[in-house]
Amino acid sequence: MKNFLAKLNQRERLFVFAGGGIIAILVLFQFVVSPLIEWRSGQRRDLERMRDLHRVVTAAAASSGNVSSGDIDRTTPLRTVITQTSQSSSVSLNLVNVREEGNVEVVASVSDGAGLFAWIALLESRYAVRVESADIARDANVAGTLRAQITFSRGGG
């Protein structure tokens, strides 16, 4: 390397060192700085996802409670109860499917988790409706919207 640099004049050595410095800066940015920036951005996205999940879980915990046996309506058909209460609770039903065993499968969209869990709490407390299964996630197509796939059944007497 010394022989190579010795053969170069002052101006050529300056260009070699400047080029080497530029290449070193590019390599540093490509393999150190850029991955750190991407990692930090990913951490921010994860933090937002966790905060959203925390809000949904907090709303679910706040709305869960004991079902009182006072004024429970068990006579209105389950599908009717679900469609009527969803309209008053600002829950948009995309699919309502009555299954053979009497359960009702629902695919719903809602703008906030608290509204969804308030609707479920209303169904439990006033109509003795039980959630058999639920899959709740953020809607990838509509920002700020939750998509829920829930199977309801009528609770026992």
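These lines cover the structure that appears in this document, whether it is placed above or below.

## Description of the packing of helix 3 (residues 78-88) against helix 4 (residues 113-127)
Argument step 1. Two elements in contact, helix 3 and helix 4, have axes whose closest approach is 10 Å; the angle formed by their N-to-C orientations is 135°. Taken together, helix 3 and helix 4 sit at an angle that is classed as oblique. Between helix 3 and helix 4 the crossing geometry is right-handed. Contacts between helix 3 and helix 4 pair V81, I82, T85 and S86 from the former with W119, L122, L123 and Y127 from the latter.
Argument step 2. Looking at side-chain class alone, the contact of helix 3 with helix 4 contains six nonpolar, two polar and no charged residues.

## So, the packing of aromatic side chains
Argument step 1. On inspection of all chains with the given rule, the structure shows one aromatic pair.
Argument step 2. Between W119 and F152, the aromatic rings sit 5.5 Å apart at their centres with planes inclined by 80°, giving edge-to-face as the arrangement. Of this pair, W119 sits in helix 4 while F152 sits in strand 4 (residues 146-154), and the two are 33 residues apart along the sequence. The two residues W119 and F152 agree in class, both being buried.

## Remarks on the sheet that holds strand 2 (residues 104-110)
Argument step 1. If you walk across this open sheet you meet the four strands as 1-2-4-3, and the pairing is antiparallel. Of all strands in the sheet, those with a lone pairing partner are strand 1 (92-98) and strand 3 (129-138), marking the two edges. Between one strand axis and the next, the sheet turns by 15° as a mean value, whatever way the strands run.
Argument step 2. Relative to strand 2, strand 1 runs antiparallel, the two sharing six bridges. Residue L95 lies in a different strand from strand 2, and its bridge partner there is V107.
Argument step 3. The sheet strands contacting helix 4 are strand 1, strand 2, strand 3 and strand 4, and the helix crosses strand 4 at an angle near 5°.

The rules behind each value
Residues numbered from 1 in each chain as written. Predicted model: local features only at pLDDT ≥ 70, side-chain atom pairs only at ≥ 80, totals over all residues. Heavy atoms only, no water. Axes fitted to C-alpha atoms, helices over the stretch in contact; angles between N-to-C directions. Helix = DSSP H or I, 4+ residues; strand = E, 2+ residues; numbered from the N terminus. Parallel < 35°, antiparallel > 145°, perpendicular 65-115°, else oblique. Left-handed = near helix turned anticlockwise from the far one by under 90°. Contact = heavy atoms within 4.5 Å. Nonpolar A, V, L, I, M, F, W, Y, C, P; charged D, E, K, R; others polar. Phe/Tyr/Trp six-rings, centres within 6.5 Å; stacked < 30°, edge-to-face > 60°. Buried < 20%, exposed > 50% of the residue type's maximum accessible area, 1.4 Å probe, protein only. Pairing = 2+ DSSP bridges.

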